[in-house]
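The residues making up each chain are set out below.
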Amino acid sequence: MNRGILLTISGPAGSGKGTVIAELMKMSDDFRYSVSATTRNPRPGEVDGVNYYFVTKEKFLSLIENEEMLEHTEYVGNYYGTPKAPVEKTLDEGKNLILEIETEGALNVKKMAPDSVAIMLLPPDGEVLRSRLVGRGTETPEVIEKRMEKAKKELNLLDHYDYVIINETGKIDVAAKKILEIVNSEKLRTSRNMDIKNNYFK
């Protein structure tokens, strides 16, 4: 019961993942945000070990070869992924680790770590999603359409997730509390507490 829970949180652009996660981490000190590794160069102001673990391509490929990556992908010539060692360290310390991750990465994590908990965060419906994307005022209509199409593909993977949370507009705290409730329930799951059988009558 002392080991942390590994959480993957996915959802389309506009679902409010970052905002909900920030609210969750304000509610409880038992959560940590996963830091990914990448082969791209640091941008101004980025700090190694805080924003990313910045590694060489050779080092990254070595981690893959030695099965030391929980998941990884290649994007625009650079590698991105989640190293296993910091994940295990955080969970062993009893902290719950959050991976804010694309659906493909979440499914890969589920294969590598079957006891991880996959959560899909969604707006109430497609029209709310569209209005949020438009409301950002940062993307062209063409980009918004691409994001909507991607959201439809992400929704098709919903049955691979353990939980779905609807992030109602103006109720970020409610969505964050639901994640907290999920984690508290998961910690009581019998499969996570089988050592009780062996140690109960010592």
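Note that this is a predicted model, so its numbers are computed, not measured.

Chemist: Hey, could you go over the layout of surface pockets for me, with residue numbers and the actual values?
Modeler: Approximately 1,300 Å³ is the volume attributed to the largest pocket. Residue assignment for the lining of the largest pocket shows that the elements contributing at least two residues are helix H1 (17-27), strand E5 (69-75), strand E6 (78-83), strand E7 (96-100), helix H4 (103-112) and helix H6 (141-155).

Chemist: Help me get a handle on the nonpolar core, residues and values and all.
Modeler: Core analysis: the largest hydrophobic core is formed by 17 residues, its most contacted members being Leu7, Ile98, Ile119, Ile165 and Ile179. For this core, the secondary structure elements donating two or more residues are strand E1 (6-10), H1, strand E8 (117-122) and helix H7 (172-186). Sort the elements by how many residues they give to this core and H7 lands first, with five residues. If we ignore the near neighbours within four places in the chain, the residues touching Ile179 are Leu7, Ile9, Val20, Leu24, Ile119 and Ile165. If you look at the next biggest cluster of nonpolar residues, it comprises 14 residues, including Leu6, Ile101, Met120 and Tyr161.

Chemist: Can you explain a nonpolar patch on the surface? Please cite residues and give values.
Modeler: Taken together, the side chains of Ile196, Tyr200 and Phe201 define a hydrophobic patch exposed on the protein surface, amounting to about 420 Å² of accessible area. The residue Phe201 is located in the segment after helix H8 (195-199) in this model.

Chemist: So, the packing of helix H5 (residues 126-136) against H6: which residues are in play, and what are the values?
Modeler: In contact at an axis separation of 10 Å, H5 and H6 are set at 145 degrees when each is read in the N-to-C sense. Every pair of crossing elements has a handedness; the one defined by H5 and H6 is right-handed. Facing H5, whose interface residues are Gly126, Leu129, Arg130, Leu133, Val134 and Arg136, H6 presents Ile144, Glu145, Arg147, Met148 and Ala151. Residue classes in the contact of H5 with H6 are distributed as six nonpolar, one polar and four charged.

Chemist: Account for H4, naming residues and giving values.
Modeler: Think of an α-helix as 3.6 residues a turn; residues three or four steps apart then line up on the same face. Among all positions in H4, only Thr103, Gly105, Ala106 and Val109 are buried. Take H4 and look down its axis: the buried residues cluster within an arc of 160 degrees, on one side only. Counted as exposed and oriented over 90 degrees from the buried face of H4: Glu104 and Lys111. Along its buried surface, H4 packs onto E1, E5, E7, E8 and H6.

Chemist: I'd like to hear about the pattern of salt bridges, residue by residue, with values.
Modeler: All told, the structure shown has 17 salt bridges when counted by the stated rule. In this structure, Arg32 and Asp29 form a salt bridge, with 3.7 Å as the shortest nitrogen-oxygen distance. Asp29 sits in the exposed class, given a relative accessible area of 55%. Taken together, the shared-partner salt bridges connect Asp29, Asp30, Arg32 and Lys95 into one network.

Chemist: Break down H7 for me, with residues and values.
Modeler: The end-to-end C-alpha distance of H7, which contains 15 residues, comes to 22 Å, matching closely the 21 Å that a straight helix rising 1.5 Å per residue would cover. Looking only at H7, the buried set comprises Ala175, Ala176, Ile179, Ile182, Val183 and Glu186. Along the long axis of H7, the arc covered by the buried residues comes to 115 degrees, so they all point the same way. Residues of H7 that are buried in the fold lie against E1, H1, strand E2 (31-33), E7, E8 and strand E9 (163-166).

Chemist: How would you sum up the sheet that holds E5? Please name residues and give values.
Modeler: Sheet architecture is open: four strands sit in the order E4-E3-E6-E5, paired in mixed fashion. Each edge of the open sheet carries a strand with a single partner, namely strand E4 (53-54) and E5. Taken together, the two bridges between strand E3 (residues 37-38) and E6 define a ladder with antiparallel strand orientation. In the strand pairing of E6, Ala37 is matched with Gly81. Helix-sheet contacts for helix H3 (residues 84-92) involve E4, E5 and E6, and the interaxial angle to E6 is about 25 degrees.

Cut-offs and rules
Residues numbered from 1 in each chain as written. Predicted model: local features only at pLDDT ≥ 70, side-chain atom pairs only at ≥ 80, totals over all residues. Heavy atoms only, no water. 1 Å grid on protein atoms, 1.4 Å probe; cavity = no way out; pocket = protein on both sides within 12 Å on 5 of 7 lines; lining within 4 Å. Points joined across faces, edges and corners; volume = space filled by probe spheres on them. Helix = DSSP H or I, 4+ residues; strand = E, 2+ residues; numbered from the N terminus. Core = buried A, V, L, I, M, F, W, Y, C linked by side-chain atoms within 4.5 Å. Buried < 20%, exposed > 50% of the residue type's maximum accessible area, 1.4 Å probe, protein only. Contact = heavy atoms within 4.5 Å. Patch = residues over 30% accessible without salt bridge, like charges linked within 9 Å, V, L, I, M, F, W, Y side chains within 5 Å. Areas by Shrake-Rupley, 256 points an atom, 1.4 Å probe, with all protein chains shown as cover. Salt bridge = Lys/Arg side-chain N within 4 Å of Asp/Glu carboxyl O. Axes fitted to C-alpha atoms, helices over the stretch in contact; angles between N-to-C directions. Left-handed = near helix turned anticlockwise from the far one by under 90°. Nonpolar A, V, L, I, M, F, W, Y, C, P; charged D, E, K, R; others polar. Arc of directions from axis to C-beta. Expected span 1.5 Å × (residues − 1). Pairing = 2+ DSSP bridges.

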